[in-house]
Amino acid sequence: MSISDTNGRRCGGMGCQGGGRRGFGRGLGRGFGGDGEMMRGRMLAQGDLRLIALALIAEQPRHGYDIIKVLEEKTAGVYAPSPGVVYPTLTFLEDVGYLSSQQEGTKKLYVLTEEGRGHFADNRAIAEAVLSRLAALGERALRQRSDDQAESRDELGPGLPALLRAALLNLQQVAAQQLARNPEAEAELVAILARTAAELRKA
């Protein structure tokens, strides 16, 4: 099989001429900046996602949904590739002979072929580097959330009982999530909180 990369070069299988044995993993630098931060509008280059899919399936047979969930968990919810990206990637890997699949109900379970294992072995270092950067991104996100929670606790005051503090923090987080999903909901959220405050004054 032969495909063209974005520069118009002809590629055999998954690697392009002049790319060496790095194959389609050459997109590593495009997926992340030098400090591991995501580039604007795109978390992973296409080649990175293909290698990650091979790496995760090398650990155990997986469905496409499993790959989405693993990446979401690894990045602490910061990044979860869409099904519209993951499933075409798996189809491509199967078409070039790196994966095989078997139907399980409405899902496909993917496993590495011999050729796929060989290709992954050649590119293991690249895949591990990308996964490490995703894990680092997740760790930074968790630290930031911890810092934000600590700041919120300070703002609530040190004298509040633990259960009341937890309830108020949960309310704050839910309100922030709702506002992130729908910025136009601000007025409605303010009204809900105002009604709640009024009820508490009556208690």
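So, a few notes on the structure that sits alongside this text. Just so you know, these numbers come straight off a predicted model, no measurement behind them.

Together, L164, L168, L171 and L193 make up a nonpolar patch on the protein surface, roughly 300 Å² of accessible area in all. At three residues, the largest contribution of residues to the nonpolar patch is made by helix α6 (residues 162-181). Looking at the element boundaries, L171 is found in helix α6. Since its relative accessible area comes to 39%, L171 is described here as partly exposed.

A few words on the pattern of salt bridges. Going through the model one piece at a time under the given rule, you end up with six salt bridges. Note that R62 and E59 form a salt bridge whose closest N and O atoms lie 2.8 Å from each other. The class of E59 is exposed, set by a relative accessible area of 56%.

A few words now on α6. A rise of 1.5 Å per residue sets the reference length of α6, with its 20 residues, at 28 Å; its end C-alpha atoms lie 29 Å apart and thus fit the reference within 8%. Here α6 has its buried residues at R165, L169 and A175. The buried residues of α6 occupy an angular sector of 125° when projected down its axis, which confines them to one face. Opposite the buried face of α6, at more than 90 degrees from it, the exposed residues are L163 and R181.

A few words on the packing of helix α3 (residues 64-74) against helix α4 (residues 83-95). Contact geometry for α3 and α4: axes closest at 9 Å, N-to-C directions at 125°. Taken together, the axis directions place α3 and α4 in an arrangement best described as oblique. Viewed along their axes, α3 and α4 form a crossing whose handedness is right-handed. Along the contact surface, α3 presents G64, Y65, I67 and I68, while α4 presents P83, V86, Y87 and L90. Of the residues assigned to the contact of α3 with α4, the class counts are seven nonpolar, one polar and no charged.

The nonpolar side chains of a soluble globular protein tend to be buried, and buried together. Counting residues in each nonpolar core, the largest one holds 28 residues, and the members touching the most others are I52, L71, L90, L99 and L134. Contributing elements (two or more residues each) for this core: α2 (46-59), α3, α4, β5 (107-112) and α5 (114-156). Here this core takes eight residues from α2, the largest share from any one element.

Before going further, it helps to examine the packing of α6 against helix α7 (residues 186-202). Axis separation between α6 and α7 bottoms out at 10 Å; the angle between their running directions is 160°. Considered as vectors, α6 and α7 are oriented roughly antiparallel to each other. The way α6 lies across α7 gives a crossing that is right-handed. Contacts from L171, A175, Q178 and L179 in α6 reach E186, L189 and L193 in α7. Of the residues assigned to the contact of α6 with α7, the class counts are five nonpolar, one polar and one charged.

Structurally, the position occupied by E128 is in helix α5. Placed 76 residues apart in sequence, E128 and I52 show a C-alpha to C-alpha distance of 8.2 Å.

Cut-off values and rules
Residues numbered from 1 in each chain as written. Predicted model: local features only at pLDDT ≥ 70, side-chain atom pairs only at ≥ 80, totals over all residues. Heavy atoms only, no water. Patch = residues over 30% accessible without salt bridge, like charges linked within 9 Å, V, L, I, M, F, W, Y side chains within 5 Å. Areas by Shrake-Rupley, 256 points an atom, 1.4 Å probe, with all protein chains shown as cover. Salt bridge = Lys/Arg side-chain N within 4 Å of Asp/Glu carboxyl O. Helix = DSSP H or I, 4+ residues; strand = E, 2+ residues; numbered from the N terminus. Buried < 20%, exposed > 50% of the residue type's maximum accessible area, 1.4 Å probe, protein only. Expected span 1.5 Å × (residues − 1). Arc of directions from axis to C-beta. Axes fitted to C-alpha atoms, helices over the stretch in contact; angles between N-to-C directions. Parallel < 35°, antiparallel > 145°, perpendicular 65-115°, else oblique. Left-handed = near helix turned anticlockwise from the far one by under 90°. Contact = heavy atoms within 4.5 Å. Nonpolar A, V, L, I, M, F, W, Y, C, P; charged D, E, K, R; others polar. Core = buried A, V, L, I, M, F, W, Y, C linked by side-chain atoms within 4.5 Å.

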